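So the chains spell out like this:
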Amino acid sequence: MDLAIKSNRVVTPQEVRPATVLIRDGRIADIINISDTGIDCEIIDLEDKALLPGLTDPHVHLNEPGRTDWEGFDTATRSAITGGLTMLVDMPLNSSPVTTDAAAFEKKLSATQNQLHANCGFWGGIIPGNEKEIVGLIEKGVLGFKTFLAHSGIDDFPNSTEADLRIAMPIIAKYDLPLLAHCELVAGNGEKKIGDPRSYQKYLRSRPASWEDNAITLMIRLSEEYNCRVHIVHLSSSGSINQIKKAKARGVKITVETAQHYLYFNAETIGDGQTQFKCAPPIRNKANNALLWEALAEGTIDFVATDHSPAPPALKHLQSGDFTKAWGGIASLQFALPVLWTIARKQNVSLNYIAQWLSEKPAILTGTHNGKGRIAKGYDADLTVFDTEKKFLVTEEMIQHKHKITPYLGQELYGVVEQTFLGGVKVFDKGIFTRLNQGKIIIR
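Rules and cut-offs
- Residues numbered from 1 in each chain as written.
- Predicted model: local features only at pLDDT ≥ 70, side-chain atom pairs only at ≥ 80, totals over all residues.
- Heavy atoms only, no water.
- Axes fitted to C-alpha atoms, helices over the stretch in contact; angles between N-to-C directions.
- Helix = DSSP H or I, 4+ residues; strand = E, 2+ residues; numbered from the N terminus.
- Parallel < 35°, antiparallel > 145°, perpendicular 65-115°, else oblique.
- Contact = heavy atoms within 4.5 Å.
- Nonpolar A, V, L, I, M, F, W, Y, C, P; charged D, E, K, R; others polar.
- Core = buried A, V, L, I, M, F, W, Y, C linked by side-chain atoms within 4.5 Å.
- Buried < 20%, exposed > 50% of the residue type's maximum accessible area, 1.4 Å probe, protein only.
- Pairing = 2+ DSSP bridges.
- Right-handed = clockwise from strand over helix to strand, strands pointing away.

Let's talk about the packing of helix 6 (residues 209–226) against helix 7 (residues 241–249)
Here's step 1: Running from amino to carboxyl end, helix 6 crosses helix 7 at an angle of 10°, the nearest separation of the two axes being 10 Å. On the basis of the axis angle, helix 6 is roughly parallel to helix 7. Within the contact between the two elements, helix 6 uses D213, I216, T217 and I220 and helix 7 uses Q243, I244 and A247.
Here's step 2: Of the residues in the contact of helix 6 with helix 7, the class split is four nonpolar, two polar and one charged.

Observations concerning the nonpolar core
Here's step 1: In this structure, F145, I172, L179, M219, I283, W293 and I354 are the most contacted members of the largest nonpolar core, which totals 97 residues.
Here's step 2: With seven residues, helix 11 (residues 336–346) is the single largest residue contributor to this core.
Here's step 3: Once residues lying within four places of it in the same chain are set aside, the contact partners of M219 are L149, L165, M169, L179, A181, C183, V230 and I232.
Here's step 4: V98, F148, F157 and L180 belong to the second-largest nonpolar core, a separate cluster that totals 20 residues.

Description of the sheet that holds strand 7 (residues 85–90)
Here's step 1: Within the open sheet, the three strands sit side by side as 6-7-8. Their pairing is parallel. One side of each edge strand has no neighbouring strand; the edge strands of this open sheet are strand 6 (55–60) and strand 8 (119–122). Across the sheet, the mean angle separating the axes of adjacent strands is 20° when strand polarity is ignored.
Here's step 2: Direction of pairing for strand 7 relative to strand 8: parallel, over a ladder of four bridges. Bridged to V89 within strand 8 is G121.
Here's step 3: Sheet contacts for helix 1 (residues 73–82): strand 7 and strand 8; angle to strand 7, the most-contacted strand, approximately 140°.

Description of the pairing of strand 10 (residues 145–148)
Here's step 1: Judged by which residues are buried, strand 10 turns out to be covered on both faces: F145 and T147 on one side and K146 and F148 on the other are all buried.
Here's step 2: Pairing analysis gives two bridges linking strand 9 (residues 124–125) to strand 10, with the strands arranged parallel. From the neighbouring strand, G125 faces strand 10, where its bridge partner is K146.
Here's step 3: When strand 10 meets strand 11 (residues 179–182), the two strands line up parallel, connected through four bridges. Paired with F148 across the strands is H182, a residue of strand 11.
Here's step 4: Traced from strand 10 through helix 4 (residues 162–174) to strand 11, the parallel crossover comes out right-handed.

Honestly, it's all geometry; don't read function into it.
See the structure below:
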């Protein structure tokens with residue numbers, strides 16, 4: 001064995017139990033009783049700190065190449081391992097070029113060189129007219145595809161219509177890959193006029209939940225018609241929970257994520273001009289968000305992902321507080337685990353659910369579930385050491401994202417990631433990067 005990690009709280013798929021995890025050649029060779037002796041290798045004893053499977057975030061905007069001043073592989077993957085995330089999947093925008101053909105995908109892969117501190121996979125993009133590029137992207141190794149039903153915010157990634165999806169979905173279904181959908185169907189003449197541009201409540205009303213609900217209705221219908229796997233990203237409307245539940249019950253191939261910010265924040269506490277909270281779909285009211293939590297707990301919502309979407313300070317318009325001009329995106333990658341744990345511990349939710357929501361089920365979506373997302377024999381030794389009892393205040397100094405703008409600034413969160421292991425190698429240890437450039441490109 002190369003390494004043994006002992007903990008009184010090893011989070012296995014079945015239970016949280018005292019155990020020793022044995023690691024050899026980057027994989028979990030075995031899980032034995034904590035009392036077993038005769039281990040002939042280095043032993044790390046975590047005592048009561050939890051050992052979780054490394055986390056996967058399948059919804060991040062890394063923005064490289066082309067918009068590296070927004071984020072980039074280096075800063076984002078540093079932030080990932082700081083937060084216990086061992087795998088990310090990059091969205092096909094907001095990089096330039098957008099990842100809608102094989103040539104653009106090659107440029108993205110080249111940009112990762114010497115900059116990957118966590119593993120990274122990639123989604124391809126579906127836009128009007130690029131149906132002939134789908135197979136080429138699949139052959140290059142994308143893990144699936146992303147499309148928007150409303151304007152993406154980036155002009156070179158236009159939204160798809162139902163007609164566009166009817167062309168693309170049969171091709172994607174043939175390869176049994178997921179189609180991820182940003183679900184908002186803009187009604188009438190588009191985004192409603194909000195009057196006072198600093199008013200959060202008026203911004204909220206400008207993107208009503210009905211847009212989201214109607215788009216999800218469409219995606220359920222198309223998924224059923226083409227037998228195509230559909231994944232609803234960042235669900236914010238509780239109004240869609242019932243139709244999703246019914247679709248799943250009759251066997252529609254649909255999965256759903258929500259985001260940490262829809263569970264942690266609510267519209268009642270967001271002040272006017274606080275554009276660090278702007279995202280689309282917007283953060284809705286407290287009663288809505290409580291229903292999202294219930295749907296997550298019962299399994300209608302499959303997991304949680306950050307939708308990490310940073311931008312330079314000027315694009316957030318923090319000084320003017322203008323919601324009509326500010327970039328819609330929340331930076332939060334580093335805090336994915338502590339934010340969710342802060343909510344979960346109030347509900348007496350076990351670490352098994354946290355592992356399902358942040359590791360196991362995201363790995364199923366990405367197709368990496370045969371080697372990632374679980375502490376189990378034969379799986380990759382991607383691991384996160386988590387002190388569940390320690391709390392901390394989010395400060396600018398600790399943030400590894402390129403820009404220090406986040407609505408979590410100043411929040412007190414529970415749970416500190418103490419160590420992160422990638423393939424059995426310790427890459428982060430109590431605030432220090434111990435090994436960099438250990439991440440791998442993950443392709444299909």
